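Inside the fold
Listed below are the residues making up each chain.
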Amino acid sequence: MMRYNFLVLIIVCGFINMLNAQMLITDADFDATNPLDCATIAGGLPAGGATNFTDGPTNYSSNMNDTIVFCPDLSQGSKVGISFGTNIGFEWNVDGTDTLYVYDGNSTAAPLIGSYNSVTDPSSFFVQASWNNPTGCLTLVFVSDGANEGTGWVANVSCGNPFQPFEPHLEAYINGVGTDAINPSDTGYVDVCFGDSILFIAKPDFPNSFETNGFGYEQNVENCSFNWTISNVGQFTNDSLWFTPPARTGYYLDLRITDVFPLNDRITCKVRVSQLPNFTGTGPMEDTVCMGMNTSLVGGVTATDTVGIDIPVGSLDIGGVFAELTALPDGNGVQYDSDIGFAGFGDAVITSVNDIEQLCIDIEHSYLGDLEISLTCPNGTSVSLVNAYTGAGEMTAGGCAGGGVALGNDTDVDGGVPGSPVWTYCFSELNATLGTICNELGNTVVNDYGNNSIDPAGVYLPDGGFTPLIGCPISGPWTITVQDNQGIDDGYIFQWGIDFNAALYPEPEGYQNSVVSEDWQDHPTIISGQNDTLLVVQPDSPGYSYYVYEITDDFGCDYDTTVALYALPQPIIFSDTIGCNLGYFVNGTESYNGGTWSASDTAISFSPSADVENPAIYTSTPGVYTITFTDNACNTAVTAEIDYPPYPYTYFTDTTLCNGVIYNLTAPNTNEYETTYQWVNGPAGETISISEPGTYTVQMSNICHSGQDSIVVDYRLCDIDAPNVLSLAEGSQNSLWYVKAEGLASFNLTITNRWGNVVYECNNSDGTCYWDGRNKGGLFVEAGTYFYIIDATIEGGEELQKHGFLEVLR
């Protein structure tokens, strides 16, 4: 018996020593064949405070190069983690010339997580095997040099099951059939027609779960929770959701998946509902036409144009208004909740009381003193908006007893229908113009039912302020809670909403449907335009003709409209014509019961009036005018253009030419109408050739008018002027030698030195020759006297020769 007890003592003591033993960097590896016993080593992930790993029994020595592998027992834990520190009772003192290398795997071939010493990480750090490392192992290599050493480390090695990242995925099936409708997958759009239902199915992938790897914790659809939020609709649970959009708009859908750890992840997609096209512009350009008259049905889509169809822009709503009536019946401490699901804000949180710019509630209640109203954000934090009750069972302490007044446009009839119109009360710290409602009990008005009620004008401070909401996520359910603490009185919440700071909202997103196919159904009176935006029809009998236009949009939704055209005989007026002398005399008009003339320009007048069938039509200004005759019988308008030509016009500027020049003088043609030209004592046409001074006159005429203009032409002697100095000095204003001439037909310049050698030649019809003092070899000539010879011909054919000398200065 004594021996048995001694054996037990040895075993117990050995177990205790194993628990307290320190693992050394020089120890044998804890590899997959000899893994860590996660159940017996101290701490968790990260370490809880016990230490079990050190560099050695004393300070580490110089010139160390030691490696150790830590692998977990995968039946107990999936990842190894190690905590190093100085500020949690551990020790970490590794000289900056020495380094501890940590690799993410079971050998040094694995990726390097980091290189550490007291310079890179002076106080603490934590390393853990990543999820790209299925072994869960860490490999440590410690290298010291011979220069300086620290005291080493006392750390904690632990292993266990950390949270397992998973991949949220989402699929959607329109009306429950077909292929996944989210485009692009997971986070894209589901485009539907109004009335379609969508089956959303959560399809998370768990690559790190026990079911996949054989270690870690169980992670599957069955043990996860699913929270769906659809903007302006509400919140839902379960791993699938049927959603029928209640309006033609866009919706943000936010799915939050939470596993048993609990780890959560989110995925968001968007639903876009096809917008109802407006066919107001589709139909006949005139709803009544004269019999036999063509008209156009507006409506069509081409590659460059869309006519007759106006598809409004859809929007994706962020935030929401609770649109359903919530009754607040008599209660004694009973709470009534009204939720709004906000989605589309991503990970945005409230960072300031000003982020909630305003909260507004459409509400009524017959006795304010019964009520406490609070706001709760998605993480469960609540603040008081109105605290008008004081007494047993109060939701928030310190109420004001309500002052014996009503809230809103209440009828004061218990169980009755709500009052109308609804009153709105708004709360804000940023925009408040009043104190809290409890501080403004005297701010009352008589409502439409004769009851004294809190005045809805202005913005009230929330009773508890918005400061406690700092840190709240925006996406998710926000809840208004009303606690009715006494019987007798009742009321309603009609709707409510929150305006967040505009900076918190994502960029506004809209969507625009487009037409992918369209046509007019066949009709015997359609004569052309089936492939255009204007369909030409010609009713062949009086009465109504009906035409059906149908389209399919890019969401695959079909729409159509039916338009009617009523046919009556049409009037007949003149065809497009010319009106000379700013007038035109109408004749030959045919109409039923007369009609009225009109024009789009106030320059047009009708004589003796616009109501006679054949008036004279005058204008005060030349131009082309559209004239309309509207038939009294069928109100059909027919048009024609009258072109009132202006007087012909040209403009000359008197000029001077060189003697002997033969010049082709052309009358500037600025006339919009065909015009004939005749030169007095000269040829017909716009151009006359002249060679002597005089006055030249051209006569012009168009279809209605005539006119003339003249030009005076003088001649003079033309000559050549040449300078006699060229300075090659730097900065000289005479560094180029050139002649001044005009009216030349040809020009030849030769410059020679005093020995007759040619240093420069130039042939240019307009005399633009510039000599910079360089010879033909490109070198500057010497200072001295040079000679020039100019042979030129002026435009009149006269030959000129000029020669002289010039001085080149240096």
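Keep in mind it's a predicted model, so treat the numbers as computed, not measured. (Residues numbered from 1 in each chain as written. Predicted model: local features only at pLDDT ≥ 70, side-chain atom pairs only at ≥ 80, totals over all residues. Heavy atoms only, no water.)

1. Some words on the sheet that holds strand E45 (residues 595–599)
Reading across from one edge, E43-E49-E48-E45 is the order of the four strands in this open sheet, with mixed pairing throughout. The open sheet has two edge strands with one neighbour each: strand E43 (577–578) and E45. Sheet analysis places strand E48 (residues 623–631) next to strand E49 (residues 637–644), joined by eight bridges and oriented antiparallel. What sits directly across from Thr-628, in E49, is Thr-639. (Pairing = 2+ DSSP bridges. Helix = DSSP H or I, 4+ residues; strand = E, 2+ residues; numbered from the N terminus.)

2. Description of the side chain of Asn-409
Residue position: Asn-409 is located in the loop between strand E30 (406–407) and strand E31 (424–427). Here the side chain of Asn-409 touches Ser-420 through a polar contact of 3.3 Å, landing on its backbone oxygen. At 3.0 Å, the side chain of Asn-409 and the backbone nitrogen of Asp-448 are in polar contact. When sequence neighbours within four positions are dropped, the list of residues in contact with Asn-409 reads Glu-364, Gly-419, Ser-420, Pro-421, Trp-423, Asn-447, Asp-448 and Tyr-449. (Polar contact = N/O pair within 3.5 Å; in protein donor to acceptor, adjacent residues only side chain to side chain. Contact = heavy atoms within 4.5 Å.)

3. Thoughts on the state of the cysteines
Applying the stated criterion across every chain yields a total of eight disulfides. The disulfide that involves Cys-193 links it to Cys-557, with 1.9 Å between the sulfurs. Given an S-S torsion of about -105°, the disulfide between Cys-193 and Cys-557 has left-handed geometry. Note that Cys-193 is positioned in the loop between strand E12 (189–192) and strand E13 (198–202) and Cys-557 in the loop between strand E41 (543–553) and strand E42 (558–567), a separation of 364 residues in sequence. For Cys-557, a relative accessible area of 2% corresponds to the buried category. Between the sulfur of Cys-360 and that of Cys-426 lies a disulfide, 2.0 Å long from S to S. On the sign convention where negative is left-handed, the bridge of Cys-360 and Cys-426, at about 110° about the S-S bond, is right-handed. Of this pair, Cys-360 sits in strand E27 (residues 356–365) while Cys-426 sits in strand E31, placing them 66 residues apart in sequence. Note on accessibility: Cys-360 and Cys-426 belong to one class, buried. For the unlinked cysteine Cys-224, the closest cysteine sulfur is that of Cys-269, found at 19 Å. Owing to a relative accessible area of 0%, Cys-269 belongs among the buried residues under this scheme. (Disulfide = S-S within 2.5 Å. Buried < 20%, exposed > 50% of the residue type's maximum accessible area, 1.4 Å probe, protein only.)

4. Re the pairing of strand E28 (residues 371–376)
Working note: regular strand, side chains alternate between the two faces of the sheet. The buried fraction of E28 is high, at six of six residues. The alternating pattern of E28 places Leu-371, Ile-373 and Leu-375 on one face and Glu-372, Ser-374 and Thr-376 on the opposite face, and all of these are buried. As judged from the six bridges shared by E28 and strand E35 (residues 476–484), these two strands associate in the antiparallel manner. Its bridge partner lying in E35, Leu-375 is registered against Ile-480. The hairpin formed by E28 and strand E29 (residues 382–387) contains five residues between the paired strands, and Gly-380 there has a positive phi angle of roughly 95°.

5. Some details on the side chain of Thr-99
In this structure, Thr-99 sits in strand E6 (residues 99–103). Beyond its immediate stretch of four places on either side in the chain, Thr-99 contacts Val-94, Ser-115, Tyr-116, Asn-117, Val-141, Phe-142 and Val-143.

6. Focus on the sheet that holds strand E19 (residues 283–284)
The strand order across the open sheet formed by four strands is E19-E21-E40-E39, and the pairing between neighbours is antiparallel. Looking at the sheet topology across the chains shown, the edges are occupied by E19 and strand E39 (526–528). Strand direction decides the pairing type here: E19 and strand E21 (residues 295–298), joined by two bridges, are antiparallel. Residue pairing across strands places Pro-284 opposite Leu-297, the latter belonging to E21.

7. Topic: unusual backbone geometry
That bond from Asn-183 to Pro-184 is cis: its omega, -5°, falls within 30 degrees of zero. Looking at the element boundaries, Pro-184 is found in the loop between strand E11 (170–174) and E12. Omega for the bond connecting Ser-607 with Pro-608 falls within 30 degrees of zero, at 5°, which places this linkage in the cis form. Positive phi, normally seen in glycine, also occurs at Leu-582, with a value near 60°. You will see that Asn-681, though not glycine, has its phi angle at about 60°, which is positive. Position of Asn-681 among the secondary structure elements: in the loop between strand E52 (676–679) and strand E53 (687–690).

8. What about the confidence of the model for the protein?
For the protein, the mean per-residue pLDDT works out to 86, and 91% of the residues sit at or above 70. Counting interchain partners and residues more than four positions distant, the pLDDT-below-50 stretch residues 1–20 has two contacts. Across residues 43–49 the pLDDT falls below 50, and counting only partners more than four positions away or on other chains, this stretch makes 20 contacts in the model. (pLDDT = per-residue confidence, 0-100.)

9. With respect to the pairing of E6
Among the five residues that make up E6, four are buried, leaving the element largely enclosed by the rest of the structure. Relative to strand E9 (residues 138–143), E6 runs antiparallel, the two being bridged by five bridges. When the sheet's bridge partners are listed, Tyr-101 is paired in E9 with Val-141. Where E6 and strand E7 (residues 112–116) come together, four bridges link them in antiparallel fashion. Bridged to Val-102 within E7 is Gly-114.

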